[in-house]
Amino acid sequence: MKAKYFTLILLSFFFINCKSQNTTLYVGTYTKGESKGIYKLDFNTKTGKLSNKVLAVNTQNPSFITFSPNKKYLYAVGEGETSLISAFKLKENGTLELINAKSSNGKGPCHVSTNLTGDKAVVSNYGGGSISIYNINADGSLNKASQIFNHNKEGEKPARAHSAQFFKDELFVSDLGRNSMYQYKLIDDDYQIESKSIINIEGNPGPRHFTMSKNGDFMYIINEYGSSITSIKRTSSGFTSIDQDSTLDKNYTGKNKCADIHLSKDERFLYGSNRGENSIAIFKRNTDTGKINKIQNIAVHGDWPRNFTLDPSGKFLLVANKKSENISVFQINTPTGKLSFLHDIKVPTPVCLLF
């Protein structure tokens, strides 16, 4: 009897421990094939295992998704004919319930982010070359856009706003079409654009996504066409470029388009995704100077890696491979920053991963 009781205690402890190690991963997709919308999976932060795939909500082409700061709400672009931004409420079982949706005010919305206080969101419209800023209500719902900025200029090449992020009272926008990084400043509750790109970006590298150090002193832009990362430092008079590094292995000669970029939690390492070489490029970062040095290119075990993410523990990196329709899981060697492949799981047309 005692042995049975002891076994039950052990099993209960094991179940509770396993459950506490699980966190939810949300997956944004394209819905032209088998996908129906945003999916959720359980991710074990001890083993790196993904399991229990469930459709969280049926919605069209949620190609980029993000949380509110309190993680009670999720916002998704709808990269379809209607061009929407949608607000969802997280239910107790982890599925999503639509709150409301608003026009993105431009074709091809491809990116959405919120500010730290959770009362504003910004959407980048790739096809329209514009950004739209929204006020968010206390219940997570969206008001119609309070400000719309169109980067197109008559007689010049089309703008392609690809991503935007808030930093305190600033808003930065990466425009792939205009090869510019724009800065907006919040003045009397309205954002106003600085007239020029914060740095001169030569050639046609196509700045796509970017990440910033926590203190805002350094910015890293991944260039889609140039297969490179531009490193930027904030100065007393603005910004200056401090480094330009290739994301490709020196022996790779094929076509490539970069996609996503992230800093490690301790900001000692920088990761970028290559579509074509189908790899993740890893850089060691000097936290004093901000300069980076590539230390690894590792195959993603899939085709066309779009966005990727680091898990909450900082021990794993997960990659959304669009064309091969799988998510690859890598373990991070914390001291060195290098990756080693663990396993993958099939998910229909994954393009954005969110913890």
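Thresholds applied
- Residues numbered from 1 in each chain as written.
- Predicted model: local features only at pLDDT ≥ 70, side-chain atom pairs only at ≥ 80, totals over all residues.
- Heavy atoms only, no water.
- Helix = DSSP H or I, 4+ residues; strand = E, 2+ residues; numbered from the N terminus.
- Rg over C-alpha atoms; globule rule 2.2 N^0.38 Å.
- Buried < 20%, exposed > 50% of the residue type's maximum accessible area, 1.4 Å probe, protein only.
- Polar contact = N/O pair within 3.5 Å; in protein donor to acceptor, adjacent residues only side chain to side chain.
- Phe/Tyr/Trp six-rings, centres within 6.5 Å; stacked < 30°, edge-to-face > 60°.
- Lys NZ or Arg CZ within 6 Å of the ring centre and 35° of its normal.
- Pairing = 2+ DSSP bridges.
- Axes fitted to C-alpha atoms, helices over the stretch in contact; angles between N-to-C directions.
- Salt bridge = Lys/Arg side-chain N within 4 Å of Asp/Glu carboxyl O.

Novice: Lay out the overall build of the chain with the relevant residues and their values.
Specialist: In terms of helices and strands, the chain carries one helix and 28 strands. Whereas a compact globule of 355 residues would reach a radius of gyration of roughly 20 Å, the chain reaches 21 Å, a difference of no more than 12%. Taken over the C-alpha atoms alone, the chain extends approximately 85 × 50 × 40 Å along its principal axes. The 355 residues of the chain split such that 54% are buried.

Novice: Residue-level account of the side chain of Asn326, with values.
Specialist: Along the chain, the position of Asn326 falls in strand E26 (residues 326–332). Within the structure, the side chain of Asn326 is placed 2.6 Å from the side chain of Ser324, a separation counted as a polar contact.

Novice: How would you explain the packing of aromatic side chains if you had to name every residue and give the values?
Specialist: Two measures describe an aromatic ring pair: the distance that separates the ring centres and the angle between the ring planes. Using the criterion set out here, one finds seven aromatic pairs in the structure. For the pair Tyr26 and Phe67, a centre-to-centre distance of 5.8 Å together with 85° between the ring planes defines the contact as edge-to-face. In this pair, Tyr26 is assigned in strand E1 (residues 22–29) and Phe67 in strand E4 (residues 65–67), connecting sequence segments 41 residues apart. We classify Phe67 as buried; its relative accessible area is 9%. Centre to centre, the rings of Phe330 and Phe341 are 5.6 Å apart; their planes meet at 65°, and the pair counts as edge-to-face. Note that Phe330 is positioned in strand E26 and Phe341 in strand E27 (residues 339–346), a separation of 11 residues in sequence. A network of ring pairs unites the aromatic residues Phe43, Phe316 and Phe355 as a single cluster. Over the face of the ring belonging to Tyr126 we find Arg160, whose NZ or CZ atom lies 5.4 Å from the ring centre. Its guanidinium or amino end placed over the ring of Trp304, Lys323 lies 4.1 Å from that ring's centre, counting from NZ or CZ.

Novice: Go over the sheet that holds strand E8 (residues 109–114), please, and point to the residues and values.
Specialist: The strand order across the open sheet built from four strands is E8-E9-E10-E11, with neighbouring strands paired in antiparallel fashion. Every other strand in the sheet has two partners, leaving E8 and strand E11 (147–150) as the edge strands with one partner each. Between one strand and the next, the sheet's axes are offset by a mean angle of 15°, whatever the strand orientation. Direction of pairing for E8 relative to strand E9 (residues 120–125): antiparallel, over a ladder of five bridges.

Novice: An account of the pattern of salt bridges is needed here, citing residue identities and associated values.
Specialist: Taken as a whole, this structure holds six salt bridges when the rule is applied. Its salt-bridge partner being Asp189, residue Lys120 comes within 4.0 Å of it at the nearest N-O pair. Of the two residues, Lys120 is situated in strand E9 and Asp189 in the loop between strand E14 (180–187) and strand E15 (190–193); the sequence distance between them amounts to 69 residues. Given the relative accessible area of 6%, Lys120 is considered buried.

Novice: Break down the sheet that holds strand E5 (residues 73–78) for me, with residues and values.
Specialist: The strands that make up a sheet pair up through hydrogen bonds in the backbone, lying either parallel or antiparallel. Taken together, the four strands give an open sheet; going across it, the order is E4-E5-E6-E7, and neighbouring strands pair in antiparallel fashion. With partners counted over all chains shown, the strands left at the sheet margins are E4 and strand E7 (96–103), one partner each. Taking the axes of each pair of neighbouring strands and ignoring which way they run, one obtains an average angle of 25° across the sheet. Judged from the three bridges that link them, E4 and E5 form a sheet pairing that is antiparallel. Considered in E5, the bridge of Ile65 is made with Ala76.

Novice: Any chance you could break down the pairing of E15 for me, citing the residues and the numbers?
Specialist: Relative to E15, E14 runs antiparallel, the two sharing four bridges. Bridging from a neighbouring strand, Leu186 pairs with Tyr191 of E15. Hairpin connection of E14 to E15: two residues between the antiparallel strands, including Asp188 at a positive phi of 55°.

Novice: An account of the pairing of strand E3 (residues 50–58) is needed here, citing residue identities and associated values.
Specialist: Pairing between strand E2 (residues 37–44) and E3: six bridges, direction antiparallel. If you follow Lys40 over to E3, its bridge partner there is Val54. Counted between consecutive antiparallel strands, the loop separating E2 from E3 contains five residues, among which Gly48 sits at a positive phi close to 80°.

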